[in-house]
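Examining the three-dimensional arrangement
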Amino acid sequence: ELGAAENTRESYGRDLLGFSDWLAQRGLDFTTACRADIEDYLVACEAEGLAQSTRARRLSSIKQLYRFAFEEDWRTDNPAIQIKGPGRTKRLPKTLTEEEVSRLLDAVKDVGRTQADRTRNICLMELLYATGMRVSELVSLPVSATRGDPRMLLIRGKGGKERMVPLSDPARAALRDWLEMRDEVEDLAKQEKGTKPSAFLFPSRGKAGHFTRIRFYQLIKDIAVKAGVSPSKVTPHTLRHAFATHLLAHGADLRAIQ
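A brief report on the enclosed structure follows. Note that the structure is a prediction, hence the values are computed from the model and not measured.

A word on the packing of aromatic side chains. Counted under the stated rule, the structure contains 7 aromatic pairs. Their ring planes at 50 degrees and their centres at 4.8 Å tell us that Phe19 and Tyr41 sit as a pair that is tilted. Highlighted residues: Phe19 in helix α1 (residues 6-24) and Tyr41 in helix α2 (residues 35-47), separated in sequence by 22 residues. Classification of Phe19 by relative accessible area gives buried; the value is 0%. A residue is classified by how much of its surface remains accessible, and Tyr41, at 3% relative accessible area, is buried. Taken together, the ring pairs in this structure connect Phe19, Trp22, Phe30, Tyr41 and Tyr66 into an aromatic cluster.

To continue, consider the environment of Thr8. Checked against the element boundaries, Thr8 lands in helix α1. Measuring from C-alpha to C-alpha, the distance between Thr8 and Ser61 comes to 10.0 Å, with 53 residues separating the pair along the chain.

On inspection of all chains with the given rule, the structure shows 18 salt bridges. The closest approach of N and O atoms between Lys109 and Asp106, which form a salt bridge, is 3.6 Å. With a relative accessible area of 48%, Asp106 lands in the partly exposed category. Between Arg163 and Glu137 there is a salt bridge whose closest N-O contact spans 2.7 Å. You can see Arg163 sitting in strand β2 (residues 162-166) and its partner Glu137 sitting in helix α6 (residues 135-139), a full 26 residues away along the chain. Each member of the salt-bridge network shares a partner with another, and the members are Arg147, Arg182, Asp183 and Glu186.

Here is what the cut-offs are and how they apply
Residues numbered from 1 in each chain as written. Predicted model: local features only at pLDDT ≥ 70, side-chain atom pairs only at ≥ 80, totals over all residues. Heavy atoms only, no water. Phe/Tyr/Trp six-rings, centres within 6.5 Å; stacked < 30°, edge-to-face > 60°. Helix = DSSP H or I, 4+ residues; strand = E, 2+ residues; numbered from the N terminus. Buried < 20%, exposed > 50% of the residue type's maximum accessible area, 1.4 Å probe, protein only. Salt bridge = Lys/Arg side-chain N within 4 Å of Asp/Glu carboxyl O.

Below you can see the structure in the form of structure tokens.
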């Protein structure tokens, strides 16, 4: 109902299944668990050596479940309402210098088995750095949103919220090149196999129907190695952060970036 992303829903689902199993081992379930039981579970998670961020998320999923249960009159109380979690350690996010990003964008031109792969990879990297999109937004981008050499893209983000993001000239050029090659491949597949054209900018034969977050994560590590940049520094999120940091450094308005 909150419009959470699929990955968030899956994470919460795993958290709640884990809590359910823990309760079942003690002859309890969601309807009978009290505050002390939830606190015992959190202590058990800490003893298990789970990271602070993981424990915080697990408590968040439990809190949301019990808040919903209380609002729907499934329970007459909310046993989790007063429980305070471990919080999260505040760390400065990693970022990349402009020179490192330039090396990544140069290196991507040589990463990929075929010319189509390389053209797609260039487009992925240029769009990510030009727009600051989340990787899930990037890989699932509808091809319809990119037609007509746009200067702006309409992105549907977390909670179904829409926003406009501008494209840089290199990103527009990379997008044009990829669309031309993508459409040729799609048309050929339709003629030879009767395959229905994909609705996604970055199609894939996998279950999702588009290039996946995991595959992009692997790709960006390969690009980092090729560019001579430490792979530990390079993730889709560090590129998103670099986009914001570099805009700010060149005088962009902070509120506009946010």
